[in-house]
Amino acid sequence: MIQRYLIDLIYFFGGLALLFRSFVSELIRNKVERRLLMDQLYHLGATSFPLIFITALSTGMVMTLQFGIGLAKFGGQPYVPKIVSLSILREMGPVFTSLMIAARAGAGMASEIGSMVVTQQVDAMRALGTSPMSKIVVPRVLAMLIGLPLLAALANIIGVFGSMVVAVTELRLDPDFFLLKVATTIVLDDLFSGIGKTIFFAIFISITSCYYGLNVKEGTKEVGIATTKAVVTSSIFVLVGDFVLTKLFFIL
Amino acid sequence: MREIIRVRDFRKSFGDKEVHRGVSFEVHEGECLGLIGGSGQGKSVLLRSLIGLEMPDSGEVFYRDLEVTRLRERELIEVRKRVAYAFQGGALFDSMTVFENLAYPLRAHTKLTLEQMKEKITRLLGEFGLSGNEELYPVNLSGGMQKRLGLARALILEPDIILYDEPTAGLDPFNTRKIQEMILHLKSKGTTGILVTHDMPVAFAVCDRIAILSEGKIAKIDSVKTIRGSTEHPVSRFASGEVR
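Bear in mind that the values here come from a model prediction, so they are computed numbers and not experimental data. (Residues numbered from 1 in each chain as written. Chains lettered and ligands numbered in written order. Predicted model: local features only at pLDDT ≥ 70, side-chain atom pairs only at ≥ 80, totals over all residues.)

(A) Spatial organisation of the overall build of chain B. Assigned secondary structure in chain B consists of nine helices and ten strands. The C-alpha atoms of chain B give 18 Å as radius of gyration, which agrees with the globular expectation for 244 residues (18 Å, within 12%). If you line up chain B on its principal axes, its C-alpha atoms span 55 × 40 × 35 Å. For chain B, the residues scored as buried account for 39% of the 244 residues in total. Considering only residue pairs separated by 6 or more positions, chain B has 64% of its internal contacts joining residues 24 or more positions apart. (Helix = DSSP H or I, 4+ residues; strand = E, 2+ residues; numbered from the N terminus. Rg over C-alpha atoms; globule rule 2.2 N^0.38 Å. Buried ≥ 20, exposed ≤ 12 C-beta atoms within 10 Å, placed from the backbone. Contact = placed C-beta atoms within 7 Å.)

Now the structure itself:
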């Protein structure tokens, strides 16, 4: 039982590594089809933005409220802009954005690719002498690599804005004071640490989702299973990866 | 006639089930070979293996002088440009319009301008009775139209060979006749064909020879005339529907 599980795990990680290698080699060898990339960027960016907006705004607002009420007992409310903006930029913005994208775009990728496998569209691509890697995987992974850091950057701005709204209306902090504190607290390292992680998260989400989609074999029922697995696995990768990368960035 | 496809001692298993136990046959240039057999005999797997969509456990598949079974995915592209595959369900790209489906192989393998593509696609759609549907999506087409579109897409690069996977399965008599006429038309132009089907009347109408796949081997391969008149097992029994 455990032996079987370990073998499956080795196959899974081996499969992910091979898919990533194929992606890199395809990217180096062939020109990326701009039309396919733009399509994927549109799907990822434009259609995910409302979700990211709500998530980031409410995260910033809730954190400010919690810290504001908690720190009020010690007269620490003036520290709220500093704490919240740092938390958003370094952790909450990138991680929550990645989790939301894993749930929305990752699920979409796995189910779309899985359906293409079931309806033999992936076979048709190969039969027509084209590479599913360049038509399916490369545009999706690349769109994720471009789109996720941009969405995370937007989430940072929206999160800090949400924090300011609550700080001004609920905690009665001066907006100029809030902005001054944010501007004097944040350094480029904070920004790059958060956004830098999203590049890794983009690979985790897109490669995992493409892998599950491409490995659908048993028909439409498995498409649903693959979609669930893609979301769960890429979310775990994001959360575990976050710790490892944070630790690594601190060492570096 | 020159051999264009050669299959030698093809063996393939799925888990414990040995589906192909040494299949051997060849196809000559310009002929149409019917590949018939019951469900689960591995006809489609065999057809897919001819262009490397599946690989055998052992055995050889040749397209002209190229050993398909030894080629890598990248090297198979040249074979797939010359050997077209018409999928049973059409396998159309559902996110693309009819026009885009037909333009897909042209964009990948030719340097045609958009105008030249339009001209070629319009002509082909006319030949397949699909004119005026360029902007529709596959989901808006009937089953018969989807099959015809799948066939048109397979033909757009003007291949040497077409592999037909159950082209008339699930079609009404009108669409069956249409597909049959198209296969005959292509044959008259010298295009080689391999037809996997359960539809014996269609196989008899369009094929030059018929191979019967039974119990993992080619049980019989002969001219349509001989097969039709045969009283031997498994030919007559399969044709009369007594066995799978």
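(B) The sheet that holds strand β2 (residues 17-28) of chain B, seen in detail. Residue and element names in this part refer to chain B. As summarised here, the arrangement of the four strands in space is β2-β1-β4-β5, forming an open sheet in which the pairing is antiparallel. Here the strands that pair on one side only, and so sit at the sheet edges, are β2 and β5 (66-67). Note that strand β1 (residues 3-14) and strand β4 (residues 58-63) share five bridges and pair antiparallel. Considered in β4, the bridge of Arg8 is made with Glu60. (Pairing = 2+ DSSP bridges.)

(C) Structural detail: the interface of chain B and chain A. Listed as interface residues are 14 residues of chain B and, on the opposing side, ten residues of chain A. Broken down by secondary-structure element, the contributors of at least two residues to the side of chain B that touches chain A are α2 (73-82) and α3 (98-109) of chain B. The element contributing the most residues to the side of chain B that touches chain A is α3(B), with four residues. Across the side of chain B that touches chain A, the residue classes tally to ten nonpolar, two polar and two charged. (Nonpolar A, V, L, I, M, F, W, Y, C, P; charged D, E, K, R; others polar.)

(D) How the structure looks around the nonpolar core. Grouped together as the largest cluster of nonpolar side chains are 128 residues, with contacts concentrated most on A:Cys210, B:Leu35, B:Ala86, B:Ala152, B:Leu163 and B:Leu195. Of all the elements, helix α3 (residues 80-118) of chain A adds the most residues to this core, at 17 residues. (Core = buried A, V, L, I, M, F, W, Y, C linked by C-beta atoms within 7 Å.)

(E) How the structure looks around helix α4 (residues 114-127) of chain B. An ideal rise of 1.5 Å per residue puts 20 Å on 14 residues; α4(B) measures up with 20 Å between its terminal C-alpha atoms. Downstream of α4(B) by one or two residues, B:Gly129 has phi in the positive range, about 65 degrees. (Expected span 1.5 Å × (residues − 1).)

(F) A look at the pairing of strand β10 (residues 217-223) of chain B. Residues and elements named next belong to chain B. Here strand β9 (residues 209-214) runs beside β10; their pairing, made up of six bridges, is antiparallel. Directly across from Arg209, in β10, lies its bridge partner Ser223. Two successive antiparallel strands, β9 and β10, enclose a turn made up of two residues, where Glu215 displays a positive phi of approximately 50 degrees.

(G) Just unusual backbone geometry, in detail. Positive phi outside glycine occurs at A:Gln120, with the angle close to 65 degrees. Mapped onto the fold, A:Gln120 is located in the loop between α3 and α4 (121-127). One non-glycine residue, B:Glu215, lies in the positive phi region at around 50 degrees. Residue position: B:Glu215 is located in the loop between β9 and β10. According to the C-beta neighbour criterion, B:Glu215 is exposed, with 12 such atoms within 10 Å.

(H) Geometry of the packing of α3(A) against helix α8 (residues 220-251) of chain A. Residues and elements named next belong to chain A. Packing of α3 against α8 brings their axes to within 8 Å, and their N-to-C directions diverge by 150 degrees. The pairing of α3 with α8 is recorded here as roughly antiparallel in orientation. The crossing of α3 and α8 is right-handed. On α8, the residues that touch Val95, Ser98, Leu99, Ala102, Ala103, Gly106, Ala107, Ala110, Ser111, Gly114, Ser115 and Val118 of α3 are Thr220, Glu222, Val223, Ala226, Thr227, Ala230, Val231, Ser234, Ser235, Val238 and Asp242. The residue makeup of the contact of α3 with α8, split by class, is twelve nonpolar, nine polar and two charged. (Axes fitted to C-alpha atoms, helices over the stretch in contact; angles between N-to-C directions. Parallel < 35°, antiparallel > 145°, perpendicular 65-115°, else oblique. Left-handed = near helix turned anticlockwise from the far one by under 90°.)

(I) Here's a closer look at the sheet that holds strand β6 (residues 83-86) of chain B. Residue and element names in this part refer to chain B. If you walk across this open sheet you meet the six strands as β6-β7-β8-β3-β9-β10, and the pairing is mixed. The outermost strands of the open sheet, each flanked by one partner alone, are β6 and β10. The sheet shows a mean angle of 15 degrees between the axes of neighbouring strands, direction not considered.

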